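As a plain string of letters, each chain reads:
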Amino acid sequence: MSSILTRADIYRDTTTWYATAAGFFSPSVLDFCRRKAGPRILDLGCATGTYCLELAKCGFTCIGADTNADYVDKARRRGVEAVVFRERLPFPDHAFDTVILIEVLEHVVPVRALLEEVKRVARRNVLITVPCNDDITFLREQKLAYEHMLELDHVNFFTKSSLAHELRATFAHVDVVAGDPIYPHRLFPWWLRKPLTLAHQIGLLKPRIFSRLYAECRILETNHV
């Protein structure tokens, strides 16, 4: 077998990657959605429908939408109600309690046109996650990158402050927090990693680098039906 790595071994192409990663989801993202979402959810950027299926297990009604028709077909074959999305969603105003955009905005231009459209169909809130770039310069100086940054089609690179600024152009009530901490000690040998892991578990070792931003955009009461 050849020892030479190809571009596909290193970079993740989101137009095809989820077709072979059906079933992949982040437990922390799922928990965020479970805590914040209303009973009827639109997963915009649903890929092959994994979050829709996981949220359905938790008692939510979740419909998917994606620009990738192949992904939508696969989601439907997995039992997910899903539609192909272009510029306008095929739903009436305020059709969903919550719209979720899981790792979507980093791929989208223009961002605000999409945010206006999801605001139109949401009654309660819009939940958003994106990769966190607050410490990307520090990581680069250490010759490190976390896995989600190795995607071919990222066009937006958000920090906590820049994401909040972007969202507040559309939504009046926005909360953004950093999550999914990175623990560099996991790269160390086991004999050094073990005590540092224990220090983290008892609260002595506080993370300062995070890989993901979580945002909740709440809809004004006047938009509710």
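The preceding data block contains the structure.
The structure presented is a predicted model; accordingly, all values stated were derived computationally and were not measured.

Caption draft 1: Representation of the environment of Leu213 in the model. Following the sequence through the fold, Leu213 ends up in strand β7 (residues 210–218). Accessibility expressed as a relative area gives 0% for Leu213, which makes it buried. For the pair Leu213 and Pro131, spaced 82 residues apart in sequence, the C-alpha to C-alpha distance is 6.0 Å.

Caption draft 2: Seen up close, the packing of aromatic side chains. Under the counting rule described, the total for this entry stands at three aromatic pairs. Plain terms: the ring middles of Phe32 and Tyr214 are 5.0 Å apart, the flat faces sit at 70 degrees to each other, and that makes the pair edge-to-face. Placement of Phe32 in helix α2 (residues 27–36) and of Tyr214 in strand β7 is noted, with a sequence separation of 182 residues between them. Here the two residues Phe32 and Tyr214 agree in accessibility, since each one is buried. The interplanar angle of 90 degrees and the centroid separation of 4.9 Å between the aromatic rings of Phe91 and Phe96 together place this pair among those described as edge-to-face. Looking at Phe96, the relative accessible area reads 0%, which means it is buried.

The rules behind each value
- Residues numbered from 1 in each chain as written.
- Predicted model: local features only at pLDDT ≥ 70, side-chain atom pairs only at ≥ 80, totals over all residues.
- Heavy atoms only, no water.
- Helix = DSSP H or I, 4+ residues; strand = E, 2+ residues; numbered from the N terminus.
- Buried < 20%, exposed > 50% of the residue type's maximum accessible area, 1.4 Å probe, protein only.
- Phe/Tyr/Trp six-rings, centres within 6.5 Å; stacked < 30°, edge-to-face > 60°.

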